[in-house]
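What follows is each chain in one-letter form.
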Amino acid sequence: MRGSYPNTRLRRPRATAWSRALHRETILTPADLIWPLFVTEGKGVEEPIASLPGVSRWSVDGIVARAKEAVELGIPVVALFPNTQPDRRSDDGAEAHNPDNLMCRAIRAIKDACGDDIGVLTDVALDPYTSHGQDGLLDDNGYVTNDDTVAALVDQALNQAEAGADIIAPSDMMDGRIRAIRMALEMGEHHNVQIMSYAAKYASAFYGPFRDAVGSGGLLKGDKKTYQMDPGNSDEALREVELDIAEGADSVMVKPGLAYLDIIYRVRAEFLVPVFAYQVSGEYAMIEAAQSVGAGDRDALLMEKLLAFRRAGCSGILTYHAPVAARLLNG
């Protein structure tokens, strides 16, 4: 049954702030946010990232301070990404398996300082460790191999789990890696380590500043279109998600976020699993650029975008703006 004017006035509930709050369909809280952080070598180091204004790489002690800040703000999870030094990069990404690498040291330091007050999500892919910037191992023709890469990713995931990671997040888009990682975690008695799969990760133009942040941008030879998804495909995303759920993913991610709200909506409608979005580096930079030239208010633009992710069906959002958004939400 549909109402008609004047018996129904849709402006009536919008007339006051308390009424708008009462009738609001989509709610955003700090608990819906995950804060991505970049780790670098040294002590007392903060390295601002030029293409990500307001974002820095931090040495491990700085990462611990950011994790404590997240706890205070009510942000439940931090996501870690290492900036591996050039002399530790190799064709096979062997540094990913080093139990004393940047990622593992940061995990242990956060868990020692914060315990279970915060979750630690770790990226599983080889691009921060390879000298060629690809997410996997190359054959003689420069093609990213699948099965050999999966074996390397399993070792990387176990390395991070043993360091104390709470959520393993494979971002590589290799076929079959979720099953292989889940089986290895089970066999290693890491029964409560979650897997958040980058299930629908597109070959996007919005990743540039991130690659600068982890130091792989200038190294990348070719592109990643043989494993990341074609931006023109939607049904394929559902197939990717379905496979990853069947293989043992606890939650799935769509990346990037804003340009793929339709994918988020379809995944949420089709599958009864938590769906996350990554508001990627290019999206972050666009908001900051709009603010810098007076084209929009940063805070208003940010909150509208985050609400769009939640409205589309996201359980949570990875965003470099997490501390800004949390402060706004906390008043």
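Residues numbered from 1 in each chain as written. Predicted model: local features only at pLDDT ≥ 70, side-chain atom pairs only at ≥ 80, totals over all residues. Heavy atoms only, no water.

S.K.: Before we go on, may I ask you to explain the overall build of the chain in this structure?
M.R.: Scanning the chain from terminus to terminus reveals 11 helices and 10 strands. In summary, the chain has a C-alpha radius of gyration of 20 Å against a globular reference of 20 Å for 331 residues, a match within 12%. Within the chain, the fraction of its 331 residues that count as buried is 53%. Taking contacts inside the chain between residues at least 6 apart in sequence as the whole, the part at least 24 apart equals 74%. A total of about 15200 Å² of accessible surface is found on the chain, and carbon and sulfur atoms cover 50% of it. For the chain, the distance from the average site of its 33 positive side-chain charges to the average site of its 47 negative ones is 11 Å. (Helix = DSSP H or I, 4+ residues; strand = E, 2+ residues; numbered from the N terminus. Rg over C-alpha atoms; globule rule 2.2 N^0.38 Å. Buried < 20%, exposed > 50% of the residue type's maximum accessible area, 1.4 Å probe, protein only. Contact = heavy atoms within 4.5 Å. Areas by Shrake-Rupley, 256 points an atom, 1.4 Å probe, with all protein chains shown as cover. Lys, Arg positive; Asp, Glu negative; His and termini not counted. Charge placed at Lys NZ, Arg CZ, Asp CG, Glu CD.)

S.K.: I'm lost on helix α11 (residues 322–329) in this one. Help?
M.R.: Since the α-helix turns once every 3.6 residues, residues separated by three or four places project in the same direction. Of all the positions in α11, only A322, P323, A325 and A326 are classed as buried. For α11, the buried positions fall inside an angular range of 160 degrees around the axis, keeping them on one side. Lining the buried residues of α11 we find β1 (33–39), α2 (60–73), α10 (298–312) and β10 (316–319). A positive phi of about 80 degrees marks G331, the residue just after α11. (Arc of directions from axis to C-beta.)

S.K.: What is the right way to look at helix α7 (residues 235–247) in this model?
M.R.: The terminal C-alpha atoms of α7 lie 19 Å apart, and with 13 residues this matches the ideal 18 Å at 1.5 Å per residue to within 8%. When α7 is considered as a whole, its buried residues turn out to be A237, L238, E240, V241, D244 and E247. Where α7 is buried, its residues meet α5 (177–187), β7 (194–201), β8 (251–255) and α8 (261–270). Positive backbone phi, at 120 degrees, marks G248, one or two positions downstream of α7. (Expected span 1.5 Å × (residues − 1).)

S.K.: Help me understand a positive patch on the surface in this model?
M.R.: Among the surface-exposed residues, R9, R11, R12 and R14 lie close enough to one another that they form a single positively charged patch. Here R12 is to be found in the segment before α1 (17–23). (Patch = residues over 30% accessible without salt bridge, like charges linked within 9 Å, V, L, I, M, F, W, Y side chains within 5 Å. Salt bridge = Lys/Arg side-chain N within 4 Å of Asp/Glu carboxyl O.)

S.K.: Would you mind going over the environment of L137 with me for this structure?
M.R.: Secondary-structure assignment places L137 in the loop between β5 (119–124) and α4 (147–163). The exposure class of L137 is buried, given its relative accessible area of 18%. Separated by 11 residues in the primary sequence, L137 and L126 have C-alpha atoms spaced 8.0 Å apart. Apart from residues no more than four positions distant in its own chain, L137 is found in contact with D91, D92, L126, Y143, V144, T145, D148, T149 and A152.

S.K.: Even after reading the chapter, I still don't get the pattern of salt bridges, so can you show me in this structure?
M.R.: Opposite charge on two side chains permits them to pair, given that their charged atoms come into close proximity. Considering all chains together, one arrives at 17 salt bridges under this definition. The shortest N-O distance in the salt bridge between E69 and R66 comes to 3.1 Å. One end of the pair is E69 and the other is R66, both in helix α2 and 3 residues apart, which spans about a single turn. With respect to class, E69 is no different from R66; both count as buried. Across the pair K111 and D166 runs a salt bridge whose closest N-O atoms are separated by 2.8 Å. Of this pair, K111 sits in helix α3 (residues 102–114) while D166 sits in the loop between α4 and β6 (167–170), and the two are 55 residues apart along the sequence. Owing to a relative accessible area of 16%, K111 belongs among the buried residues under this scheme. By sharing partners, the salt bridges in this structure join R66, E69 and R327 into a single network.

S.K.: Would you mind showing me how to read the packing of aromatic side chains here?
M.R.: Here a ring pair, both rings aromatic, is described through the centre-centre distance and the interplanar angle of the planes. Inspection of every chain in the model, using the stated rule, returns 8 aromatic pairs. Taking 6.3 Å as the distance between ring centres and 50 degrees as the angle between the ring planes, the aromatic pair formed by F81 and Y278 counts as tilted. Placement of the pair is F81 in strand β4 (residues 77–82) and Y278 in strand β9 (residues 275–279), with a sequence separation of 197 residues. For the pair F81 and Y278, one class covers both residues: buried. Ring geometry for Y278 versus Y320: centroids 6.0 Å apart, planes at 50 degrees, classification tilted. Here the residue Y278 occupies a position in strand β9, and Y320 occupies one in the loop between β10 and α11, the gap between them amounting to 42 residues. When its relative accessible area of 1% is taken as the criterion, Y278 is described as buried. A relative accessible area of 5% places Y320 in the buried class. Members of the aromatic cluster, joined through ring pairs, are F38, F81, F210, Y278, Y284 and Y320. K201 extends its terminal NZ or CZ atom over the ring of Y207, reaching a point 5.8 Å from the ring centre. Stacked on the ring of F210, the Lys or Arg K255 has its end atom at 5.1 Å from the ring centre. (Phe/Tyr/Trp six-rings, centres within 6.5 Å; stacked < 30°, edge-to-face > 60°. Lys NZ or Arg CZ within 6 Å of the ring centre and 35° of its normal.)

S.K.: Before we go on, may I ask you to explain unusual backbone geometry in this structure?
M.R.: Most peptide bonds take the trans configuration, and most residues that are not glycine carry a negative phi. With an omega of 5 degrees, the peptide bond between Y5 and P6 qualifies as cis. Relative to the helices and strands, P6 resides in the segment before α1. At the junction of K255 and P256, the peptide bond is cis and its omega measures out at -5 degrees in the coordinates. Checked against the element boundaries, P256 lands in the loop between β8 and α8. Positioned with a positive phi, E189 is a non-glycine residue whose angle comes to about 65 degrees. Relative to the elements of secondary structure, E189 occurs in the loop between α5 and β7.

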